[in-house]
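Notes for the structure review
Listed here are the chains, written in short residue letters.
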Amino acid sequence: MVALCIPALLMSQTQVEKKIATKASGYGVTYSLPVTSLIINVEVIKETCKAGPYYKYAEKYLGVKNAVTEDAVSYAPGKVTLENKGIPDTNNTYTVEFKAGTVAPYVYLTEDGLLCSINAEYTLPAAPPVDNSAVTSPRDDATGNVMAVFTEELLKAGSQARQAEVAAKQIYHIRESKMDILTGDADNLPPDGEAMKIVISQLENQENALTSLFTGTRTTETSYYDIRIIPQEDLENEVLFRFSTKLGVLDADDLGGEPVYMNLRATEKAPELTPKEAEKKGKMKGIVYNVPGKAAVEIKTAQHMLFKGEVQIVQFGTYELLAPVMFEDKKKPVKVYFYSETGALKQIIQ
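Here we summarise the structure given alongside this text. (Residues numbered from 1 in each chain as written. Predicted model: local features only at pLDDT ≥ 70, side-chain atom pairs only at ≥ 80, totals over all residues. Heavy atoms only, no water.)

**Re the pairing of strand β5 (residues 106-110)**
The buried fraction of β5 is high, at five of five residues. Alternating positions in β5 separate into two faces, Y106, Y108 and T110 on one and V107 and L109 on the other, with burial throughout. Here β5 pairs with strand β6 (residues 115-118) via three bridges, running antiparallel. Of the residues in β6, the one forming a bridge with V107 is I118. The turn joining β5 and β6, which pair antiparallel and follow one another in sequence, is formed by four residues; a positive phi near 95° is taken by G113. (Buried < 20%, exposed > 50% of the residue type's maximum accessible area, 1.4 Å probe, protein only. Helix = DSSP H or I, 4+ residues; strand = E, 2+ residues; numbered from the N terminus. Pairing = 2+ DSSP bridges.)

What follows is the structure, encoded as structure tokens:
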């Protein structure tokens, strides 16, 4: 079992390659069966709080009770997802062998040699669109340039208490100006609807910038971390990683955070073969494919369940073979599709 805790990167999609069985290759194409690795993707939400200089007067002048009172950075876990990602098993490499004279025999493999199809065109499913807004998503503060709204009166105000009073008056004046424009009571109304939108937007930016002097600002950023684990047996309270509200995701052995556990229990597991059965099966000829087992998975902290579901595990299953005779019909070549991530049989088209 291996566990890694690394920032998740936007990786290029796996490619597939067409391999043709030729006389030079002995009418064979070599492929690997995968072993199951589970990738746990953790969403981490970072919140940065900055106190405004007039936070002490937020309730007095604006009626705000939850103003930011000190600068702080905190982290919170978001959504946790689980991906079944097959990686080549170097101990399970085989050759698809065709008889000489078979009509155009070929296979499709992933770039790392996992089997996708035999005698069938194969196209990987389209990757889901990347939601760039989720990578970094600051909360909509729209504070703008605070210094730009410091009037001469505000700059000349002596004490901080006086500055807060002047700033609050400016906020209320801006609100009145917006209301006058929207109700048509302003002395100089914008000439058209588009101009009105621009003026209202500018006033709102000024109001938000001044208000932030009292309430402070809260900005959020979202990042993602991947933890990879290759299960070989049931797991109980396995520490995947640790999480700190001050530091975010930490390695499993870093005691500075709360542990996040994984429970993994086989729900479908192939019986172990006896030495005689294994020897007999090993002598059989054909296209080898996986029949994965299944496992129930839980990822949780001491207080909260973060993920619960079922996943296929190659290591808990067995393997079977497709008879070579299936591929000897020259008039109607059999087409076979596989799940590349598990090496399991998907479909046979006669």
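Having put the structure on the table, let's press on.
**Points about the pattern of salt bridges**
For the coordinates displayed, the defined rule picks out seven salt bridges. The partner of E165 in a salt bridge is K169, and the shortest N-O contact between them spans 3.7 Å. Taken as a pair, E165 and K169 lie in helix α3 (residues 160-183) at a separation of four residues, close to a single helical turn. Here R175 ties to E207 by a salt bridge, and the two come within 2.9 Å at their closest N and O atoms. With R175 in helix α3 and E207 in helix α4 (residues 193-215), this pair connects stretches of sequence that are 32 residues apart. When salt bridges with common partners are traced through the structure, they connect R162, E165 and K169 into a single cluster. (Salt bridge = Lys/Arg side-chain N within 4 Å of Asp/Glu carboxyl O.)

**Thoughts on α4**
Here α4 is 23 residues long and its end C-alpha atoms lie 31 Å apart, about the 33 Å a rise of 1.5 Å per residue gives. Between the side-chain oxygen at the start of α4 and the backbone nitrogen of E194 there is a gap of 3.2 Å, and the oxygen is on D192. Once α4 ends, the next one or two residues include G216, with phi positive near 80°. (Expected span 1.5 Å × (residues − 1). Polar contact = N/O pair within 3.5 Å; in protein donor to acceptor, adjacent residues only side chain to side chain.)

**Quick look at α3**
With 24 residues, α3 should reach 34 Å at 1.5 Å per residue; the first-to-last C-alpha distance of 35 Å fits that figure. In the stretch just after α3, G184 is the one whose phi turns positive, near 85°.

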